[in-house]
Amino acid sequence: MGDTEIICPHCNSTKFKVSSDKNKDEFKNLKGGNWQPLLTKIGQDQWSEDPNHGIAVRCKCGKGFFVYDFKADAPAQISTAMRENQMVSTFCQKCGSAFVSTNLTCPGCGQQY
């Protein structure tokens, strides 16, 4: 089991630690921030909620970003954009709405995560 350090691409200061099972190429846990597994389209009307396909992270700076590819032989990929055929379900702390989004924007109040 190993830890990978993730740095927020927006503020470049907040650090997170991702635990993964390096023998199984599998995501285990993220410490230091709030995260949600990404929903990945696997069929016409089918979605998979698996953190191994990627996670959405909300940093303490208030911005969101995405972490992909938890593999033993390479570092995890960090991006400010969500990949095609993925979305995230989350909860807005500002207005209290639950929503599903591809750009981390609450449709209720317009809060950008």
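Scroll up to find the structure this text is about.
Below: a short report on this structure. Residue numbers here run from 1 along each chain, matching the order of that chain's written sequence. In view of the model being predicted, local features appear only for residues whose pLDDT reaches at least 70, and side-chain atom pairs are presented and counted only at 80 or more, with totals across whole chains, interfaces and linings using the full set of residues. Values shown for side chains rest on all heavy atoms present in the structure; no hydrogens or waters enter the calculation.

1. Quick notes on the overall build of the protein
Segments assigned H or I by DSSP are reported as helices when at least four residues long, segments assigned E as strands when at least two residues long, and all are numbered from the N terminus. From N to C terminus, the protein includes zero helices and ten strands. The secondary structure elements of the protein, listed N-terminal to C-terminal, are β-β-β-β-β-β-β-β-β-β. The globule rule is 2.2 Å times the number of residues to the power 0.38, and the radius of gyration it is compared with is taken over C-alpha atoms. For a compact globule of 113 residues, the expected C-alpha radius of gyration is about 13 Å, and the protein comes in at 14 Å, within 12% of that figure. Seen along its three principal axes, the alpha-carbon backbone of the protein occupies a region of about 40 × 40 × 20 Å. Each residue is assigned to one of three classes by its accessible area relative to the maximum for its type, calculated with a 1.4 Å probe on protein chains only: buried under 20%, partly exposed between the two thresholds, exposed over 50%. Here the protein, with 113 residues, has 36% of them falling under the buried criterion. The contact criterion used is simple: two residues touch if any of their non-hydrogen atoms lie within 4.5 Å. Considering only intrachain contacts with a sequence separation of at least 6, the fraction spanning at least 24 residues in the protein is 33%.

2. Side note on unusual backbone geometry
Even without glycine at this site, Asn12 takes up a positive phi of about 55°. Counting through the fold element by element, Asn12 comes out in the loop between strand S1 (2-7) and strand S2 (15-21). A residue is classified by how much of its surface remains accessible, and Asn12, at 56% relative accessible area, is exposed. Although it is not a glycine, Asn85 adopts a positive phi angle of roughly 65°. With respect to the helices and strands, the residue Asn85 is situated in the loop between strand S8 (77-79) and strand S9 (86-91).

3. Points about the side chain of Gln86
With respect to the helices and strands, the residue Gln86 is situated in strand S9. With relative accessibility at 8%, the residue Gln86 sits in the buried group. What qualifies as a polar contact is a pair of N or O atoms within 3.5 Å, subject to a donor-acceptor requirement within protein and to the restriction that residues adjacent in sequence count only when both atoms come from side chains. Polar contacts involving the side chain of Gln86 include one to the side chain of Thr40, which spans 2.9 Å. What Gln86 contacts, discounting residues up to four positions off in sequence, is Leu38, Leu39, Thr40, Trp47, His53, Tyr68 and Thr102.

4. With respect to the packing of aromatic side chains
Here is the rule: rings of Phe, Tyr and Trp (six-membered ring for Trp) pair when centre to centre is within 6.5 Å. Planes less than 30 degrees apart are stacked, more than 60 are edge-to-face, and the remainder are tilted. Under the counting rule described, the total for this entry stands at three aromatic pairs. The interplanar angle of 50° and the centroid separation of 5.8 Å between the aromatic rings of Phe16 and Phe65 together place this pair among those described as tilted. In this pair, Phe16 sits in strand S2 while Phe65 sits in strand S7 (residues 64-68), placing the two residues 49 residues apart along the sequence. For Phe16, a relative accessible area of 1% puts it in the buried group. Looking at Phe65, the relative accessible area reads 0%, which means it is buried.

5. Considerations on the environment of Thr40
Within the element layout of this structure, Thr40 appears in strand S4 (residues 34-43). With 59 residues separating them along the chain, Thr40 and Phe99 place their C-alpha atoms 16 Å apart. Leaving out residues up to four positions away in the same chain, Thr40 has contacts with Gln46, Trp47, Ser48, His53, Asn85 and Gln86.

These values are about where atoms sit, not about what they do.
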